[in-house]
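The lines below spell out each chain.
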Amino acid sequence: MKLNQESGGEPAAVEEVAEGLIRVPLRTPTLPPATRTNTYLVDVGGAWLVVDAGPSKASELERLDVAMRRFIGAAEVAGLLLTHHHRDHVGGTEWWVSSFSAPVYAHARTFEAVPKAYARATARGRRPKRVELVEDAEIGNATALFTEGHARGHFSLRTDASDVLAGDLMAGLGTIVVDPPDGDMSAYFASLRRLRDMPLRGGFPAHGPHDASAHDRIDAYIEHRTAREDRVFAALSLDEPRGLSAVTKRAYDDVPVFLLPMASRSALAHVLKLVDDGRAIAVGDGWRALEP
Ligand SMILES: [Zn+2]
């Protein structure tokens, strides 16, 4: 199945990817194979919202500044939405707070990751605005969607044109890490299904190229994760508890050995979801299946 309707590879150039939607790929300390985090500039009805500011490096923030001047110009800046607290999404917060009076929108968990940005601004006598998001919220004519799973406090943005800026809920390259307790597989499935039930057009991830159909990408993810969940379930026994490494070895025997430590985090996320779903139970250091 070919999902990317772009030419493939990691986009590096600033580009208008849809009407009123600009992608600004910026170098960040992110996970390979990605080397950049996409910042998006989105027209939310006359004012422009900036989504994610990953880099803390001055030269990368200068690129963002240039893009903002070029595409936003003298129009109003609505604010900065931080999708989640991981460092490759929030590195530019201090720069933002010292450069703009428009608010930062984020979950409380995300603000916890950038304490210095606010401490320094306050020490300089500024009163930077922050808007704590706890659930879906309108920002101009767009909607911030509460979509946890990859990280606590994760938000996506649905634009007026039904494009979804997905943060790390989806990826244009590499895989989405769901690493407990920050990552939560039950929440991840719920977020994917929630987006699947909405009319959506394009899917614009924080890393890599976009998909012309967000639904195609979501369907592929649900299918892939469900297949893995089935394997994790099959790796559990009805009779005896099995520990994480035994479950990982059985459920991920298709994965190279050097990737098993990472796979064990995903295995744990799947096992915890099976417990949530009432299909498994924790016993000592391991888990046992509750149904054949
Ligand atoms: Zn992330």
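Bear in mind the structure is a predicted one, so any value in this text is a computation, not a measurement. Every chain is numbered on its own, with residues counted from 1 as its sequence reads. In keeping with the predicted nature of the model, local features appear solely for residues at pLDDT of at least 70, side-chain atom pairs appear and are counted solely at 80 or more, and the whole-chain, interface and lining totals rest on all residues. Hydrogens and water molecules were not included; the side-chain quantities draw on all heavy atoms of the structure.

Colleague: Give me the lowdown on the overall build of the chain, citing residues and values where you can.
Modeller: What the chain contains, in helices and strands, is 9 helices and 14 strands. Here the radius of gyration uses the C-alpha set of atoms, whereas the globule reference equals 2.2 Å times the residue count to the power 0.38. Against the globule reference of 19 Å for 292 residues, the chain gives a C-alpha radius of gyration of 20 Å, in line with a compact fold. Projected onto its principal axes, the C-alpha coordinates of the chain cover approximately 65 × 45 × 35 Å. Contacts are residue-level and defined by heavy atoms, with any inter-residue pair within 4.5 Å sufficient. Contacts in the chain between residues at least 24 apart in sequence constitute 62% of all its contacts with a sequence separation of at least 6. With an accessible surface of roughly 13100 Å², the chain has 52% of that area assigned to carbon and sulfur atoms. Counting 34 positive and 40 negative side-chain charges, the chain places the centres of these two groups 5 Å from one another. Comment: elements are numbered from the N terminus, with helices defined as DSSP H or I runs of at least four residues and strands as E runs of at least two. Only the protein chains shown count as covering a residue, and every accessible area follows the Shrake-Rupley method with a 1.4 Å probe. Counted as positive: Lys and Arg. Counted as negative: Asp and Glu, with His and the chain ends omitted from the count. Positions of charges follow a simple convention, taking NZ of Lys, CZ of Arg, CG of Asp or CD of Glu.

Colleague: Let's hear about the coordination of the zinc ion: which residues, and what values?
Modeller: Within the protein, the atoms that donate to the zinc ion are H84 (NE2), H86 (ND1), H150 (NE2) and D168 (OD), at distances of 2.2 to 2.3 Å. Keep in mind that water is not among the atoms, so a site may look incomplete; donors are the N, O and S atoms within 2.8 Å of the metal, or 3.2 Å for Na, K and Ca. Square planar and octahedral sites, with four and six donors, are those where opposite donors lie more than 155 degrees apart and all other angles lie between 65 and 115, tetrahedral sites have four donors with every angle between 85 and 135 degrees, and the rest are irregular. One way to put it: the 4 donor atoms around the zinc ion meet at angles of 89 to 177°, and that makes the site irregular. Each donor residue of the zinc ion belongs to the same chain, and together they define the spacing H-x1-H-x63-H-x17-D. Residue H86 is found in the loop between β5 (76–81) and α2 (87–90), and its partner H150 is found in the loop between β9 (142–146) and β10 (155–158); the two are separated by 64 residues along the sequence. Considered together, H86 and H150 belong to a single accessibility category, that of buried residues. Exposed residues in this analysis have more than 50% of their type's maximum accessible area, buried residues have under 20%, and partly exposed residues fall in between, with area computed by a 1.4 Å probe over protein chains only.

Colleague: Summarise the domain arrangement of the chain; cite the residues concerned and give the values.
Modeller: Along its sequence, the chain is organised into domain 1 (15–213) and domain 2 (235–289). Where each domain starts and ends comes from a domain assignment, either automatic or drawn from a database. Here domain 1 and domain 2 have C-alpha centroids that lie 33 Å from each other. What gets called buried area is simply the loss in accessible area from a 1.4 Å probe that two parts show on being joined, summed for both. Counting the surface lost from both domain 1 and domain 2, the interface buries some 690 Å², and carbon and sulfur atoms represent 64% of this. Sorting the residues of domain 1 by area buried against domain 2 places P180, M185 and S186 first, and these three jointly supply 64% of that buried surface. One speaks of a salt bridge when a side-chain nitrogen belonging to Lys or Arg is within 4 Å of a carboxyl oxygen belonging to Asp or Glu. Linking domain 1 with domain 2 are 1 salt bridge, by the criterion used here. Measuring nitrogen to oxygen at the nearest pair gives 2.6 Å for the salt bridge that ties D179 to R265. We call two N or O atoms a polar contact when they sit within 3.5 Å, provided that within protein one can donate a hydrogen and the other can accept it, with sequence-adjacent residues counted only if both atoms are side-chain atoms. Summed over the shared surface of domain 1 and domain 2, the number is 3 residue pairs in polar contact (both at pLDDT 80 or more). Amino acids are sorted into nonpolar (Ala, Val, Leu, Ile, Met, Phe, Trp, Tyr, Cys and Pro), charged (Asp, Glu, Lys and Arg) and polar (every other residue, Gly among them). The residue makeup of the side of domain 1 that touches domain 2, split by class, is 4 nonpolar, 1 polar and 1 charged.

Colleague: Quick one: what's the story with the sheet that holds strand β12 (residues 203–205), residue by residue and with numbers?
Modeller: For two strands to be treated as a pair, DSSP must find no fewer than two bridges joining them. Pairing within the open sheet is mixed, and its 5 strands lie in the order β8-β9-β10-β11-β12. Either end of the sheet is taken by a strand with one partner, and the two such strands are β8 (137–139) and β12. On average, adjacent strands in this sheet sit at an angle of 25° to one another, irrespective of strand direction. Judged from the 3 bridges that link them, strand β11 (residues 164–167) and β12 form a sheet pairing that is parallel. Along β12, the bridge assignment pairs V164 with G203. Under this scheme, a helix contributes an axis fitted over its contacting stretch, all axes are lines through C-alpha atoms, and angles between N-to-C directions fall in the 0 to 180 degree range.

Colleague: Describe the packing of aromatic side chains, and please don't skip the residues or the numbers.
Modeller: In this analysis, rings of Phe, Tyr and Trp, with Trp reduced to its six-membered ring, are considered paired at centre separations within 6.5 Å, and the interplanar angle assigns stacked below 30 degrees, edge-to-face beyond 60, and tilted for intermediate values. Inspection of the entire model under this criterion finds 6 aromatic pairs. With centroids separated by 6.0 Å and ring planes inclined at 80°, the aromatic side chains of Y40 and F204 adopt a geometry described as edge-to-face. With a gap of 164 residues between them, Y40 in strand β3 (residues 36–43) and F204 in strand β12 connect regions that are remote in the sequence. A ring pair is formed by F146 and F155, whose centres lie 5.1 Å apart and whose planes are at 40°; its orientation type is tilted. Judged by its relative accessible area of 24%, F146 is partly exposed. In textbook terms, an aromatic cluster arises when at least three aromatic residues are bridged by ring pairs, as seen for W95, W96 and F100. Across the ring face of F111, the terminal group of R130 is positioned such that the distance to the ring centre comes to 4.1 Å. The side chain of R279 reaches across the aromatic face of F233, ending 4.1 Å from its centre. A ring has a charge above it when a Lys NZ or an Arg CZ is no more than 6 Å from the ring centre and no more than 35 degrees off the ring normal.

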